[in-house]
Amino acid sequence: MWSDGKRRPGVARPSGILRRSSYNSPASIGVPRPYSMSSTYRHRYELARHATPPTALERIKDLPNAAVRFVSDETRSGMLLVVAAVVALVWANSPWHRVYETMAHFTFGPESLHLHLPVEAWAADGILTVFFFVVGLELKTEFVTGALRDIREAALPMLAAAFGMAGPAFVYLTVQVLAGSGAYSGWAIPAATDIAFAVALLGLFGKGMPPAARTFLLTLAVVDDLLAIIIIAVVYSTDLNYIALACAFLAIGVFGFLVQKRLFKWWLLLPIAIVAWGFMHASGVHATISGVAMGLLVPATRSGGEPQWSHHLAEKLNPLSAGLIVPIFAFFAAGVNVSGSGGLREVLVDPVAIGVMLGLPVGKVLGIAGSVFFLTRWTKLRLGAGVDMPDINAIALLAGIGFTVALLVAGLAFPDDPHLVPDAKLGVMMGTAIAAIGGGLAVRYRATRHARGRAANLRRGSLFPDR
């Protein structure tokens, strides 16, 4: 078939000729041209080859743009998160650990407003609100125009996300019951998936996986984030101040009214957002919930020639969130002094650390893969095109990466037993490492498998080929 969509029986196409054009000299109707003449890639290559190299001053001026391009890549931002956590862990266990502790516990802020907080609290309760605001924007986009718009397509990963939170909680509680520790309040620590980290590793090791596999992981992680936010708001809110909470919701309502009127002026919205955050912090509900609430109120539908604001703002803020805010939070959250917790051996036998460490990889596989297996066998729900059950097993293991939200919950789970927080955080890091390594290898293996579906299962001799 020629490029104009017409067939010409009996007309042989010359070798090396891939399409015809009637718009390029010396061509005329019916005369084909070589592909190399029509390729835009060669044109771009020639422009780049003859372009003048940028000067040193131009490179310096382009540094902010280069930094934004760097952190906009999911894989690079995920690796930046890992680097920040590793640096904090090494520093906290080095001879200079007192410098790290002094920096983390340095307090500042207006004391009259009860905001004289240490740096680590500002990282967890303050700037992390921007991350949760981006999560709210992404949730709104997915619910209105994305993967969660059609409940029939999203039902399977949504249910898998719910079971994927129940599985780790079950594993954690089982370990605590068998050990008789009584530290049951940490059941939600291994329940959340770090969407940025998991998607980064899927992009790094899963090249060749079906597109539906990435959609499944994204939908699962988005619902997982929503459920984790609900847990933080409901379970880990203490000593509620209902007047402050009402003022917070009033400020959030004003923010929502303005954005629905398309009044996107930073000097107008930012003060209202800070007021909403301050009242939410004073109410006893975790302050980051205000970010999610405001993100969910941003319109996700286009009006006139305006952009899709939820997607547009998420795209603008994501470099700041992924490239600066989340690494700063990880830096102050992951700096656990192992020797101060009794040494690595003591931590590895602590029931809280073991429960979290096993809950993340094992619990996620049991909850996600187990639920998908039963739901696809005994209900009408089906996996996306090209995705097999072994793919779900690999994705479920990858979903055991629970870094950012899990570290946040670890700091909230034991208000009466703060000595358990370091053990929980080390369990998060070890469980995340196991899930990242195992999930990366599993996804890489599945990416090399080209036979899928019924034929692949019959080739393996499976008694239960995919339907």
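No experiment lies behind these values; they were computed from the predicted model shown. (Residues numbered from 1 in each chain as written. Predicted model: local features only at pLDDT ≥ 70, side-chain atom pairs only at ≥ 80, totals over all residues. Heavy atoms only, no water.)

Trainee: Lay out the overall build of the chain with the relevant residues and their values.
Mentor: Along its length, the chain carries 20 helices and 4 strands. Taken over 467 residues, the chain has a buried fraction of 46%. For the chain, the share of sequence-separated contacts (at least 6 apart) that also reach a separation of at least 24 residues comes to 74%. Entry remark: accessible area of the chain is about 24100 Å², with carbon and sulfur atoms responsible for 66%. (Helix = DSSP H or I, 4+ residues; strand = E, 2+ residues; numbered from the N terminus. Buried < 20%, exposed > 50% of the residue type's maximum accessible area, 1.4 Å probe, protein only. Contact = heavy atoms within 4.5 Å. Areas by Shrake-Rupley, 256 points an atom, 1.4 Å probe, with all protein chains shown as cover.)

Trainee: Which residues make up the environment of Ser303, and what are the values?
Mentor: With respect to the helices and strands, the residue Ser303 is situated in the loop between helix H13 (288-297) and helix H14 (309-333). Along the primary structure Ser303 and Arg262 are separated by 41 residues, whereas in three dimensions their C-alpha atoms are 9.1 Å apart.

Trainee: Go over the packing of aromatic side chains with me, naming the residues and quoting the values.
Mentor: Enumeration over the complete set of coordinates arrives at 14 aromatic pairs. The interplanar angle of 25 degrees and the centroid separation of 6.4 Å between the aromatic rings of Phe106 and Phe108 together place this pair among those described as stacked. Here a set of aromatic residues connected by ring pairs shows up, and it is made of Trp91, Tyr100, Phe331 and Phe332. (Phe/Tyr/Trp six-rings, centres within 6.5 Å; stacked < 30°, edge-to-face > 60°.)

Trainee: Help me get a handle on a nonpolar patch on the surface, residues and values and all.
Mentor: A cluster of nonpolar residues, Ile127, Leu320, Leu324 and Ile328, forms a patch on the protein surface that exposes about 290 Å² of accessible area. Among the elements that line the nonpolar patch, the one with the most residues is H14, at 3 residues. Tracing the backbone through its elements, the reader meets Ile127 in helix H7 (residues 119-144). By relative accessible area, which is 32% here, Ile127 ends up partly exposed. (Patch = residues over 30% accessible without salt bridge, like charges linked within 9 Å, V, L, I, M, F, W, Y side chains within 5 Å. Salt bridge = Lys/Arg side-chain N within 4 Å of Asp/Glu carboxyl O.)

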